[in-house]
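Geometric and topological summary
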Amino acid sequence: MNASPSPSVPPAGSARADTLRKLLERPLPAVMGVLNVTPDSFSDGGEFIAPEQALKRARAMIADGVDIIDIGAESTRPYTGAKAVTAADELARLKPVLAGIVALGVPVSIDSMKAEVVAFALDQGVAIANDVWGLQRDAGMAPLVAARGVPIIVMHNRDSVDPAIDIVVDMKAFFLRSLDIAAKAGIARDKIVLDPGIGFGKTAEQSMLALARLGELKIFGLPILVGASRKRFIASVSPSEPSGRLAGSIAAHLIAAQKGAKIIRTHDVAETLQALRVANAIESKPESKP
């Protein structure tokens, strides 16, 4: 995938970057709501592919208090079975709905590893690029992001699972490569968010280790996004289907927030936001003196 959209389009300006910066400055993590306009996503495939259903879902997430809506038009399910689609396929799914979702007024991110798709989304007013291959899959992505001046979420990924490796060491090496690509393209460091990619190229045990050792990523000095919502590692602890993993998702996300995650990506906005608010309220109370 080597799309080559023209980077000559004027930059988006500081407004989009400021939007993310303001969210990251708040005491509570920002909540990013998942909106998949796909037929085959692992949890909600087919539910929101119709434009009217996607808009309805976006409005519901806004009513629930979502901070960012993350829209994706290709399933990047974090296990085997994802069906690759062309940029034309993604664009066909996005064109009927994207402008309408952006018009709702909440910042929107585009979940795509194709520069051509991201360029279209940015033209529609999308504020953030979310690349599940961390600038390492499409050579056109980094120059595009740099030219447009928008924030980028850089996610760790692997082509295959290797239970023998230290997954956190692998993540650090991956991010070093991504940050080198970003620097050479001219992407400002303060516009980069790191995502450990829970479930992607990882065993269930490695996903849990990535969460347990999340604090080790602080060495990069960059904000961290965690998306553990409904992931399969939850079922390795408590057998369940994706729709039955709300409690496990919240547990993982609360731990991620405690370890410094600044953005939580979830299918369940209202429940996640309530959990974060309650945990923060409790943690802010003084402990009794001995």
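Below, the structure is looked at part by part. This structure is a prediction, so every number in the text was calculated from the model and none was measured.

Calculation notes
- Residues numbered from 1 in each chain as written.
- Predicted model: local features only at pLDDT ≥ 70, side-chain atom pairs only at ≥ 80, totals over all residues.
- Heavy atoms only, no water.
- Helix = DSSP H or I, 4+ residues; strand = E, 2+ residues; numbered from the N terminus.
- Expected span 1.5 Å × (residues − 1).
- Buried < 20%, exposed > 50% of the residue type's maximum accessible area, 1.4 Å probe, protein only.
- Arc of directions from axis to C-beta.
- Contact = heavy atoms within 4.5 Å.
- Polar contact = N/O pair within 3.5 Å; in protein donor to acceptor, adjacent residues only side chain to side chain.

So, on to helix α7 (residues 167-185). A rise of 1.5 Å per residue sets the reference length of α7, with its 19 residues, at 27 Å; its end C-alpha atoms lie 27 Å apart and thus fit the reference within 8%. Of the positions making up α7, those classed as buried are I167, V168, M171, F174, F175, S178, L179 and A182. The buried residues of α7 occupy an angular sector of 140 degrees when projected down its axis, which confines them to one face. In this structure, α7 carries L176, A183 and K184 as exposed residues pointing more than 90 degrees from its buried face. In this fold, the buried residues of α7 make contact with β5 (152-155), β6 (192-195) and α8 (204-212). Sitting at the head of α7, D166 places a side-chain oxygen 3.1 Å from the backbone nitrogen of V168. Once α7 ends, the next one or two residues include G186, with phi positive near 95 degrees.

Here the focus is unusual backbone geometry. Phi at L135 takes a positive value of approximately 70 degrees, unusual for a residue other than glycine. Note on placement: L135 falls in the loop between β4 (128-131) and α6 (141-148). Given the relative accessible area of 4%, L135 is considered buried. Non-glycine residue R230 carries a positive phi angle of around 60 degrees. Inspection of the secondary structure assignment puts R230 in the loop between β7 (225-226) and α9 (233-237). On the basis of relative accessible area, R230 is assigned to the buried category, the value being 15%.

The analysis is restricted to geometry; functional conclusions fall outside its scope.
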